[in-house]
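Examining the three-dimensional arrangement
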Amino acid sequence: MRKPLIVGNWKMNGSLDDNKALLDGFKAGIGNVKVAEVAVCAPYIYIPDVAEQLTGTPIAWGGQNMSIEAKGAFTGEISTAMLLDFSCKYVIIGHSERRTLYGEDDALVAQKFAVAHKAGLIPILCIGETLDEREKAVTEEVVARQIKAVIDEVGIASLGDGVIAYEPVWAIGTGKTASPDQAQDVHAFIRGQLAAHDKAVADKIRIQYGGSMNAGNAKELLAMQDIDGGLIGGASLKVEDFLAICTAAG
Ligand code: PGA
């Protein structure tokens, strides 16, 4: 039985005051979340503050990105050791915004996965097709290519220690959600791709759905057999909505 994982991806949002209000709300409500594991991925500069506020609670935290380099002349970058200095558990890898706005390709994303895994962080590998790719009916080809890049780099066993987030790009921040059946089809396909290498890994790995998941649609999506949680953007910035998604997961 895979334990659902709900992760808030705050993206470039928040302030010290807003974060405190949000986290106070989460802490007050987390006792009602009986089954799901919960985490938030904050902007780098707020991670120390988030760590301080969440230490001793069941809510974990993580980064939204990281460098493949260990240290040195890489202006603006953050290393895995720095994330670990503040007890990050997770790091989001290859979010579609990183892929499209900052030019991260499959090869770099795979390297990031390898470096994060080796450092002891749990990588949340984001994959998913654009609207154009869905309309051309190449969704399966796209996600298969994205997964293969990581398997080729780290091997199937290491991939099993991570998390996959299937995030159709056309559903991110658009209010358009994949229907439960649409999402389930791709999740099952992804699990099948992994099973072709190692059935135990495929059975164990958590595959989150991401893309306009909200308090209204979470229950139906999370009820699908191969959907093991959610990566939540917009709705993770509202106390009631995020908690409603967490409790919908059990
Ligand atoms: P959204 O973002 O929930 O705002 O669509 C999800 C994500 O980008 O991870």
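Please refer to the structure placed before this passage.
Residues numbered from 1 in each chain as written. Predicted model: local features only at pLDDT ≥ 70, side-chain atom pairs only at ≥ 80, totals over all residues. Heavy atoms only, no water.

1. What to know about the overall build of the protein
Counting its secondary structure elements, the protein contains 12 helices and 8 strands. Against the globule reference of 18 Å for 250 residues, the protein gives a C-alpha radius of gyration of 17 Å, in line with a compact fold. Based on the C-alpha atoms only, the size of the protein along its principal axes is roughly 45 × 45 × 35 Å. Put simply, the protein has 250 residues, and 53% of those count as buried. When contacts within the protein are restricted to residue pairs at least 6 apart in sequence, long-range pairs at least 24 apart make up 73% of them. (Helix = DSSP H or I, 4+ residues; strand = E, 2+ residues; numbered from the N terminus. Rg over C-alpha atoms; globule rule 2.2 N^0.38 Å. Buried < 20%, exposed > 50% of the residue type's maximum accessible area, 1.4 Å probe, protein only. Contact = heavy atoms within 4.5 Å.)

2. Comments concerning the packing of helix H1 (residues 16-29) against helix H12 (residues 239-248)
Think of two packed helices as two axes; the pair is described by the angle between the axes and how far apart they sit. At their nearest, the axes of H1 and H12 sit 9 Å apart, and the two run at 35 degrees to each other. Seen from above, H1 lies across H12 with right-handed handedness. Contact residues: H1 offers Ala-21, Leu-22, Gly-25, Phe-26 and Gly-29, while H12 offers Val-239, Phe-242 and Leu-243. Residue composition of the contact of H1 with H12, by class: 6 nonpolar, 2 polar and no charged. (Axes fitted to C-alpha atoms, helices over the stretch in contact; angles between N-to-C directions. Left-handed = near helix turned anticlockwise from the far one by under 90°. Nonpolar A, V, L, I, M, F, W, Y, C, P; charged D, E, K, R; others polar.)

3. Considerations on the environment of Thr-174
Along the chain, Thr-174 turns up in the loop between strand E6 (163-166) and helix H9 (180-195). In this structure the C-alpha to C-alpha distance between Thr-174 and Ser-79, which are 95 residues apart in sequence, comes to 31 Å. There is a polar contact of 3.3 Å between the side chain of Thr-174 and the backbone oxygen of Ala-171. (Polar contact = N/O pair within 3.5 Å; in protein donor to acceptor, adjacent residues only side chain to side chain.)

4. Details of H9
In an α-helix there are 3.6 residues to a turn, and that puts residues three or four apart on one side. The terminal C-alpha atoms of H9, which comprises 16 residues, lie 22 Å apart, in line with the 22 Å expected from a rise of 1.5 Å per residue. All of the buried residues along H9 are Pro-180, Ala-183, Gln-184, Val-186, His-187, Phe-189, Ile-190, Arg-191 and Leu-194. (Expected span 1.5 Å × (residues − 1).)

5. Side note on the site of the ligand
Close to the ligand lie 13 residues; Lys-11, His-95, Glu-167, Gly-173 and Ser-212 are nearest. At a separation of 2.6 Å, an oxygen atom of the ligand approaches a polar backbone atom of Gly-173. In this structure, an oxygen atom belonging to the ligand sits 2.9 Å away from a main-chain N or O atom of Gly-234. Protein coverage of the free-state accessible area of the ligand, which is 290 Å², stands at 95%. By residue class, the composition of the shell around the ligand is 4 nonpolar, 7 polar and 2 charged. (Near = heavy atom within 4 Å. Areas by Shrake-Rupley, 256 points an atom, 1.4 Å probe, with all protein chains shown as cover.)

6. What about the packing of aromatic side chains?
Under the definition given, this model contains 2 aromatic pairs. Here Phe-26 and Phe-242 contribute two aromatic rings whose centre-to-centre distance is 4.8 Å and whose plane-to-plane angle is 40 degrees, an arrangement assigned as tilted. Highlighted residues: Phe-26 in helix H1 and Phe-242 in helix H12, separated in sequence by 216 residues. When sorted by exposure, Phe-26 lands in the same class as Phe-242, which is buried. (Phe/Tyr/Trp six-rings, centres within 6.5 Å; stacked < 30°, edge-to-face > 60°.)

7. A closer look at the nonpolar core
Leu-159, Ile-190 and Leu-194 are the most contacted members of the largest nonpolar core, which totals 69 residues. If one sorts the elements of this core by residue count, helix H7 (residues 139-154) sits on top with 7 residues. Those residues in contact with Ile-190, other than ones at most four positions away along the chain, are Ile-127, Val-143, Ile-147, Ile-164, Tyr-166 and Ile-207. (Core = buried A, V, L, I, M, F, W, Y, C linked by side-chain atoms within 4.5 Å.)

8. Let's talk about unusual backbone geometry
Look at Ser-87: it is not a glycine, yet its phi comes out positive at around 55 degrees. Positive phi values are uncommon outside glycine, yet Ser-212 reaches one of about 55 degrees. When you line up the elements, Ser-212 lands in the loop between strand E7 (206-210) and helix H11 (218-222). Look at Ser-212 and you get buried, because its relative accessible area is 17%.

9. A short note on the packing of helix H5 (residues 106-119) against H7
Contact geometry of H5 with H7 gives a least axis separation of 9 Å together with a crossing angle of 45 degrees. Judged on the interaxial angle alone, H7 and H5 are oblique. Handedness of the crossing formed by H5 with H7: right-handed. Residues Asp-106, Ala-110, Gln-111, Phe-113 and Ala-114 of H5 form the contact with H7, whose participating residues are Arg-145, Gln-146, Ala-149, Val-150, Glu-153 and Val-154. (Parallel < 35°, antiparallel > 145°, perpendicular 65-115°, else oblique.)

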